[in-house]
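Residue-level structure breakdown
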Amino acid sequence: MLAGLGVVAFSLTFPSTVWGLESFGPWSLVAVRSTLAALVAGVFLLVGRVPLPERRHWAGLAVVGGGVVVGFPLLTSLALQTSTTSHAAVVVGLLPLTTAAFAALRTGRRPSRTFWIAAVSGAVVVLGFTLGESGGSLSTGDLYLFGALLVCAAGYTEGGRLAGLMPGWQVIGWALILCLPLMLAASAVALSLEPVHLSAHGVVGLLWVALGSTFFGLYVWYRGMAAIGIPKASQLQLAQPLLTLVWSVTLLGETLSPAAPVAAVAVLVCIAVTQRSKS
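Below, the structure is looked at part by part. Just so we're clear, the structure is a prediction, and the values are computed from it rather than from any experiment.

Let's shift gears to the layout of surface pockets. Unoccupied space between atoms shows up once a probe the size of one water molecule is rolled over them. Taken as a whole, the second largest pocket spans an internal volume of roughly 150 Å³. Lining the second largest pocket are W27, V30, A31, V70, L74, M183, A186, V189, A190, L193 and E194. Ranked by residues supplied to the lining of the second largest pocket, first place goes to helix 9 (residues 168-193) with five residues. Along the lines of polarity and charge, the residues of the lining of the second largest pocket split into ten nonpolar, no polar and one charged.

If you want it as structure tokens, here you go:
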């Protein structure tokens, strides 16, 4: 249940970001969401009297913060100014494969040939879908999305390594705290430069990406993953792109292109093959 709640929380990130962009600029939205999430994380760490991480862990936490707290939210927010959530969901559906490739490079493990065939096939599907949707060339939004894949995969990989040394929720908690001074300053600057037009959608979107996706989602995801194991949790995450497609239609009223659900399912099949292949 905990891991499943995490997947649902993550699947709502893109629709909530679109709502948040109704009231805030992309830089303001990312800075304020990270600041709010860090304040909540700080309360949990204080109440739990969690000691500071060892000095040798701070570099890894900086990678997590740069990838998951700052890089991915910022790049996807910039992308969603021009891309639909359904389009973004298919592209970012490649994240598990990208993370697996980063993890192989980081840990030195050598996945099987089947794994790499499925991984490359998934990448080809996403690239073909992206080029088809963008008229044969990559748009600026697509470049933002591919950049988001890389930085988030790096953050997930380093976070997974650190989660073997400390509870996973503490990893994201300390990563948020590490980014807090920068995000506070960024909030002040961005809010002074970007116009703010508060609306119900905008406020709900901000609160969800801050408290639902960034903190609650990662908290329950790590707790659930620790309870049932990474392989079983990864199987649950296969539903995330399809859930996002559902939210894009029901919450945002988007019309799906015929290729979107087909590409999403094809990517999920590729991910399922990598999950079952032997390292």
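Right, picking up where we left off after that structure.
This brings us to the pattern of salt bridges. Summed over all chains, the structure comprises two salt bridges. Here R56 makes a salt bridge to E54, at a shortest N to O gap of 2.7 Å. By relative accessible area, which is 57% here, R56 ends up exposed. For R161, the salt bridge is made with E158, and the minimal N-O distance between the two is 2.6 Å. In this pair, R161 and E158 are both assigned in helix 8 (residues 140-162), three residues apart and thus about one turn of the helix distant. Since its relative accessible area comes to 32%, R161 is described here as partly exposed. In this structure E158 comes out as buried when scored by relative accessible area, which is 8%.

To continue, consider the packing of helix 2 (residues 13-20) against helix 5 (residues 85-92). Contact geometry of helix 2 with helix 5 gives a least axis separation of 10 Å together with a crossing angle of 140 degrees. One element, helix 2, and the other, helix 5, form an angle in the oblique class. Viewed along their axes, helix 2 and helix 5 form a crossing whose handedness is right-handed. Of the residues in helix 5, those in contact with F14, P15 and V18 of helix 2 are T85, A88, A89 and V92. Of the residues assigned to the contact of helix 2 with helix 5, the class counts are six nonpolar, one polar and no charged.

With 22 residues, helix 3 (residues 26-47) ought to run about 32 Å at 1.5 Å a step, and its terminal C-alpha atoms sit 32 Å apart, in line with that. Just downstream of helix 3 lies R49, where phi reads positive at about 50 degrees.

Moving on, we get to the side chain of E254. Among the secondary structure elements, E254 is positioned in the loop between helix 12 (240-250) and helix 13 (259-276). Of the side chains with opposite charge, R33 comes closest to the buried, unpaired E254, at an N-O distance of 15 Å. At a separation of 3.0 Å, a polar atom in the side chain of E254 contacts the side chain of T85.

Cut-offs and rules
Residues numbered from 1 in each chain as written. Predicted model: local features only at pLDDT ≥ 70, side-chain atom pairs only at ≥ 80, totals over all residues. Heavy atoms only, no water. 1 Å grid on protein atoms, 1.4 Å probe; cavity = no way out; pocket = protein on both sides within 12 Å on 5 of 7 lines; lining within 4 Å. Points joined across faces, edges and corners; volume = space filled by probe spheres on them. Helix = DSSP H or I, 4+ residues; strand = E, 2+ residues; numbered from the N terminus. Nonpolar A, V, L, I, M, F, W, Y, C, P; charged D, E, K, R; others polar. Salt bridge = Lys/Arg side-chain N within 4 Å of Asp/Glu carboxyl O. Buried < 20%, exposed > 50% of the residue type's maximum accessible area, 1.4 Å probe, protein only. Axes fitted to C-alpha atoms, helices over the stretch in contact; angles between N-to-C directions. Parallel < 35°, antiparallel > 145°, perpendicular 65-115°, else oblique. Left-handed = near helix turned anticlockwise from the far one by under 90°. Contact = heavy atoms within 4.5 Å. Expected span 1.5 Å × (residues − 1). Lys, Arg positive; Asp, Glu negative; His and termini not counted. Polar contact = N/O pair within 3.5 Å; in protein donor to acceptor, adjacent residues only side chain to side chain.

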